[in-house]
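# Results of the structural survey
Chain by chain, the residues:
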Amino acid sequence: MKVYQVQLVQRQQTLQHDNQQSLLENLEQHNIPHEYQCRSGYCGACRARLLKGQVSYRQPPLAFLQADEVLLCCCQVESDLVLDL
Ligand code: FES
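An unreviewed UniProt entry lists the protein chain under the name Class I ribonucleotide reductase maintenance protein YfaE, from Gallibacterium melopsittaci.

Written as structure tokens, this is what we have:
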């Protein structure tokens, strides 16, 4: 299983992420609260700005996203990431 480094620049913190759970769940496990509503790609409440790295989605999310935004509830991490969090 591949483990990625997810750097949170505002918090100056780096998490390990293996895609066994969502990024949103990973943040919550580290007591880092982040907004959410649907947790399944519809509402866009969990969006975050991606400064570096690559994610993918199992299904194209319905929520509207800017080119540099990702949905923490449902994206798959594909490389080490730098997030504006
Ligand atoms: S919580 Fe609704 S899109 Fe992520």
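## Notes on the environment of Asp80
Mapped onto the fold, Asp80 is located in the loop between β6 (75–77) and β7 (81–83). It is 8.0 Å that separates the C-alpha atoms of Asp80 and Gln7, two residues lying 73 residues apart in sequence. Once residues lying within four places of it in the same chain are set aside, the contact partners of Asp80 are Tyr4, Gln5 and Gly53.

## Some points on the nonpolar core
Core analysis: the largest hydrophobic core is formed by 16 residues, its most contacted members being Leu23, Leu24, Cys46, Leu71, Leu72, Cys73 and Cys75. Of all the secondary-structure elements, those providing two or more residues to this core are α1 (23–29), β5 (69–71), β6 and β7. Residue contributions to this core peak at 3 residues, all from α1. Those residues in contact with Cys46 that sit more than four places away from it in its chain are Leu24, His34, Glu35, Tyr36, Leu71, Leu72 and Cys73.

## Regarding the pairing of strand β2 (residues 13–17)
As paired strands, strand β1 (residues 4–8) and β2 are joined by 5 bridges and run antiparallel to one another. By the bridge assignment, Tyr4 is partnered in β2 with His17. Adjacent in sequence and paired antiparallel, β1 and β2 are bridged by 4 residues, among which Gln12 carries a positive phi angle near 50°.

## Looking at unusual backbone geometry
In this structure, Asn31 takes a positive phi of about 60° despite not being glycine. With respect to the helices and strands, the residue Asn31 is situated in the loop between α1 and β3 (47–52). Of note in this structure, Arg39 is not a glycine but carries a positive phi near 60°. Position of Arg39 relative to the elements: it lies in the loop between α1 and β3. Owing to 16 C-beta atoms within 10 Å, Arg39 belongs among the partly exposed residues under this scheme.

## Describing the pairing of β3
Sheet topology places β3 next to β5; 3 bridges connect them, and they run antiparallel. Looking at β5, one finds that Ala48 is bridged to Val70. The sheet contact formed by β3 and β7 spans 2 bridges and is antiparallel. The residue bridging Lys52 from the neighbouring strand is Val82, located in β7.

Calculation notes
- Residues numbered from 1 in each chain as written.
- Predicted model: local features only at pLDDT ≥ 70, side-chain atom pairs only at ≥ 80, totals over all residues.
- Helix = DSSP H or I, 4+ residues; strand = E, 2+ residues; numbered from the N terminus.
- Contact = placed C-beta atoms within 7 Å.
- Core = buried A, V, L, I, M, F, W, Y, C linked by C-beta atoms within 7 Å.
- Buried ≥ 20, exposed ≤ 12 C-beta atoms within 10 Å, placed from the backbone.
- Pairing = 2+ DSSP bridges.

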